[in-house]
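# Summary of the model geometry
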Amino acid sequence: MKKISQIGMIVIVGVMGFFVFQPSIAFGQTFVRDDAGVLSQETIEQIDALNKEGFQSLTGAPEYAVITIPSLDGQSIEARNLALFNEYGLGNPEDNNGLLFLFAIDDRAFRLGYGDGLSYVFSALSEDDLVDEDAKDALRDEDYDAAILAASNQVYQHMKEADETIGLGTIYQDGNQLLAEKRAQEAEANKQMWFTIGKIVSGVVAATAAGLVGFISLRHLKTKQRFAEYLPVPKHLQEDIHFQQKEFLKWASNRKNYHRYHQYQTAKDCQRAFTQYVTSTYVPAKLSSITGYSTTDNWVIQHGLMNPLIGSYFSNLLLKKKTTLKQFGQLILTQHDTLKTYQTQLGREVSERLADDDLSDDVLPENLPLADAYRAEIAKQAKEEIRRRSEQGRYLAQLVTERASYPEMVQAVPKEVSDVFAEVKTDALFQVDLTQIYQKHPELAHKLSSFDASDREAVLNNARQEYDPQGMNMALFFVMMNTHVSHQEQVIADTQSSSNDFGGFSGGSSSGGGVSGSW
């Protein structure tokens, strides 16, 4: 009997341990609050490890947190970051060394907020110093795990470098004085530079003085040298009044662009910058001088060139004088007209495939009475996905860049539709099952509707990840949804009872500013 009691106690303790020591996905035992539901558990654990083993091993044990939210709901990224920073009391009041990286997914915005004690480390940095172009590309590709982990590592590297060179202890204590001295030194250096240049200019002939104008800014000089080495602007563009090489170099040497394209260290960096300038600045100016195009034509051309593949293809041809904007614009318009029937063919293929599909391979037999509803939702989402791909220029890019001919694209319609189905089918089945659950259990729908947008999205994202249409009947689906709703209710309750539980932060520092950006 005693042995049975001991076993029972072990089981009870084990069960309690499972619930007590399971890490919360947003509060209490983690430094990551993923309200947008875009991070994997592996990434959350890696950021936690970086915080505990990296940041907190530095002088003063600075505290670093990441929060993702679906939307800013009309607020500025600065206001939301400041509110969250102060809400959770990041860092400690003695050193003011808290750090909060906020990502607003739908708004494509981010901001690193930092405590007063870290102003010396971060105040002079640009967004590209924290989230470089590779990370922004990952954000645009919705690879949030890679992007946010890379950005977190960048923040840590800046902190580590500051600790190893000046020392974070010194920065916490004398940061404002150091910052003032640094700015004074920069001002004095600029003053001396202008004084020296003035002496040089006054002592040389006018032609030499004119040549020195391009060398006043070191960044401008480096930019000019890089492009001269990797991507010299050809004569036909130099002579094009709409290109304006001086304006291009001024744009390229702008601090934001200079860092965005990695200081033009490679030919690829120069090519990407050139493409961006051509599509965003040269094309609109040049189109205004071309006769024969309507306002709609101009919009179609500019929208087409926003596709990265088309923009890069055009800029390469333009450099080699193998096309003009008028010729390329006509190509875009022609292929755009060609594609008018392509989207219709894709839609027809979607309808025909679904008409012949009884969905027996996709859902449980007991859910087959919902086949019509499933097919309707799959068709709806598939056509929306096709429209999205079309608006992004994916199909136009295949024709314009000659990756495929129109007959080849038509022949590949079944393959394209299969790819679209793979993208949307599971989510479509989920939506139908969710509607059924709402109808049978209105109390669940009511609970979800009472959540704010971020909490509601967190529940649905977690449920989607767990959803298995081939192994989950309606009863199991309800249990799953109810579990996620109950979990989120507990998360909300924990938040309201103790906001300081987030990440185990204590004390709290005053926010000293931040670095904002977008992708």
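Residues numbered from 1 in each chain as written. Predicted model: local features only at pLDDT ≥ 70, side-chain atom pairs only at ≥ 80, totals over all residues. Heavy atoms only, no water.

Attention now moves to the packing of aromatic side chains. Scanning the model with the defined rule gives 26 aromatic pairs in all. The interplanar angle of 90° and the centroid separation of 5.5 Å between the aromatic rings of Tyr467 and Phe477 together place this pair among those described as edge-to-face. With Tyr467 in the loop between helix H24 (453-466) and helix H25 (474-497) and Phe477 in helix H25, this residue pair connects regions lying ten residues apart in the sequence. For the pair Tyr467 and Phe477, one class covers both residues: buried. (Phe/Tyr/Trp six-rings, centres within 6.5 Å; stacked < 30°, edge-to-face > 60°. Helix = DSSP H or I, 4+ residues; strand = E, 2+ residues; numbered from the N terminus. Buried < 20%, exposed > 50% of the residue type's maximum accessible area, 1.4 Å probe, protein only.)

To continue, consider the nonpolar core. Phe243, Phe248, Leu305, Ile332, Phe430, Phe477 and Met481 are the most contacted members of the largest nonpolar core, which has 81 residues in total. Considering every element that reaches this core, the biggest residue donor is helix H22 (residues 413-440), with eleven residues. The residues touching Phe430, leaving out its near neighbours within four places in the chain, are Leu460, Ala463, Arg464, Tyr467, Phe477, Met480 and Met481. In this structure, Ile47, Ile105, Phe110 and Leu112 belong to the second largest nonpolar core, which totals 40 residues. (Core = buried A, V, L, I, M, F, W, Y, C linked by side-chain atoms within 4.5 Å. Contact = heavy atoms within 4.5 Å.)

Judged by how many residues are buried, strand S3 (residues 98-104) sits mostly within the fold: seven of seven residues are covered. The two faces of S3 match: Gly98, Leu100, Leu102 and Ala104 on one face and Leu99, Phe101 and Phe103 on the other face are all buried. As judged from the seven bridges shared by strand S2 (residues 63-69) and S3, these two strands associate in the parallel manner. Bridged to Val66 within S3 is Phe101. Assessed by its sense of winding, the connection that carries the chain from S2 through helix H3 (residues 77-88) to S3 is right-handed. Bridge count for S3 against strand S4 (residues 109-115) is six bridges, and the pairing is antiparallel. Considered in S4, the bridge of Phe103 is made with Phe110. The turn linking S3 back onto S4 is made up of four residues, and Arg108 within it adopts a positive phi angle of 55°. (Pairing = 2+ DSSP bridges. Right-handed = clockwise from strand over helix to strand, strands pointing away.)

This part covers the pattern of salt bridges. When charged atoms on two side chains of opposite charge get close, those side chains can pair. Scanning the entire structure with this criterion turns up 21 salt bridges. Here the residues in one salt-bridge network are Glu385, Arg388, Arg389, Glu416 and Asp419, joined through shared partners. (Salt bridge = Lys/Arg side-chain N within 4 Å of Asp/Glu carboxyl O.)

Our next topic: the pairing of S2. The buried count for S2 comes to seven of seven residues, which makes it a mostly enclosed element. Side chains Glu63, Ala65, Ile67 and Ile69 of S2 all project onto a buried face; the interleaved residues Tyr64, Val66 and Thr68 project onto the opposite face, where all are buried too. Here strand S1 (residues 32-34) runs beside S2; their pairing, made up of three bridges, is parallel. Across the sheet, Asp34 pairs through a bridge with Thr68, a residue of S2. In this region the chain leaves S1, passes through helix H2 (residues 41-54) and returns to the parallel neighbour S2; the handedness of that crossover is left-handed.

For helix H18 (residues 340-355), which comprises 16 residues, the first-to-last C-alpha distance of 24 Å matches the rise-based estimate of 22 Å (1.5 Å per residue) to within 8%. Within the span of H18, buried status applies to Tyr342, Leu346, Gly347, Glu349, Val350 and Leu354. When H18 is viewed along its axis, its buried side chains cluster within an angular range of 155° and face the same direction. Across from the buried face of H18, at angles greater than 90 degrees, the exposed residues are Lys340 and Ala355. (Expected span 1.5 Å × (residues − 1). Arc of directions from axis to C-beta.)

Together, Asp73, Asp106, Asp107 and Asp452 make up a region of like negative charge exposed at the surface. Tracing the backbone shows Asp452 in the loop between helix H23 (442-450) and H24. (Patch = residues over 30% accessible without salt bridge, like charges linked within 9 Å, V, L, I, M, F, W, Y side chains within 5 Å. Areas by Shrake-Rupley, 256 points an atom, 1.4 Å probe, with all protein chains shown as cover. Lys, Arg positive; Asp, Glu negative; His and termini not counted. Charge placed at Lys NZ, Arg CZ, Asp CG, Glu CD.)

With that out of the way, let us pick up the packing of helix H19 (residues 371-391) against H22. Their axes nearest at 8 Å, the elements H19 and H22 cross at an angle of 130°. In this view, H19 runs oblique relative to H22, as classed from their interaxial angle. Every pair of crossing elements has a handedness; the one defined by H19 and H22 is right-handed. (Axes fitted to C-alpha atoms, helices over the stretch in contact; angles between N-to-C directions. Parallel < 35°, antiparallel > 145°, perpendicular 65-115°, else oblique. Left-handed = near helix turned anticlockwise from the far one by under 90°.)

Right, let's talk about H24 for a bit. Structurally, the α-helix is built with 3.6 residues per turn, so residues lying three or four positions apart point the same way. Along its 14 residues, H24 runs 20 Å from first to last C-alpha, staying within 8% of the 20 Å computed at 1.5 Å per residue. Within the span of H24, buried status applies to Ser454, Asp455, Ala458, Val459, Leu460, Asn461 and Ala463. Backbone nitrogen of Asp455 and a side-chain oxygen of the N-cap are separated by 2.9 Å at the start of H24; the cap is Asp452. (Polar contact = N/O pair within 3.5 Å; in protein donor to acceptor, adjacent residues only side chain to side chain.)

A few words on unusual backbone geometry. Phi at His262 is positive, roughly 55°, even though this residue is not glycine. Locating His262 in the fold gives a position in the loop between helix H13 (255-260) and helix H14 (267-287). On the basis of relative accessible area, His262 is assigned to the partly exposed category, the value being 22%.

Of the residues in the protein chain, 82% have a pLDDT of 70 or more, and the chain-wide mean is 82. This model gives residues 1-27 a pLDDT under 50, and the stretch forms 23 contacts once residues within four places in sequence are excluded. In this model, residues 497-510 is a region of pLDDT below 50 whose contacts with residues beyond four sequence positions or in other chains number 58 contacts. (pLDDT = per-residue confidence, 0-100.)

Turning our eyes to something else, we now look at the packing of H14 against helix H16 (residues 308-319). Contact geometry of H14 with H16 gives a least axis separation of 9 Å together with a crossing angle of 95°. The angle between H14 and H16 falls in the class roughly perpendicular. Counting all contacts with H14, which are made through Gln271, Phe274, Thr275, Val278, Thr279, Tyr282 and Val283, the residues of H16 involved are Gly311, Ser312, Phe314, Ser315, Asn316, Leu318 and Leu319. When grouped by side-chain class, the residues that make up the contact of H14 with H16 number seven nonpolar, seven polar and no charged. (Nonpolar A, V, L, I, M, F, W, Y, C, P; charged D, E, K, R; others polar.)

Our next topic: the environment of Lys246. Note that Lys246 resides in helix H12 (residues 245-253). Looking at Lys246, the relative accessible area reads 74%, which means it is exposed. In this structure, the C-alpha to C-alpha distance between Lys246 and Lys224, residues 22 residues apart in sequence, is 9.8 Å.

In this section: the side chain of Thr30. Mapping Thr30 onto the fold places it in the loop between helix H1 (2-21) and S1. In this structure Thr30 comes out as buried when scored by relative accessible area, which is 1%. A polar contact of 3.2 Å, which involves the side chain of Thr30, links it to the backbone nitrogen of Val32.

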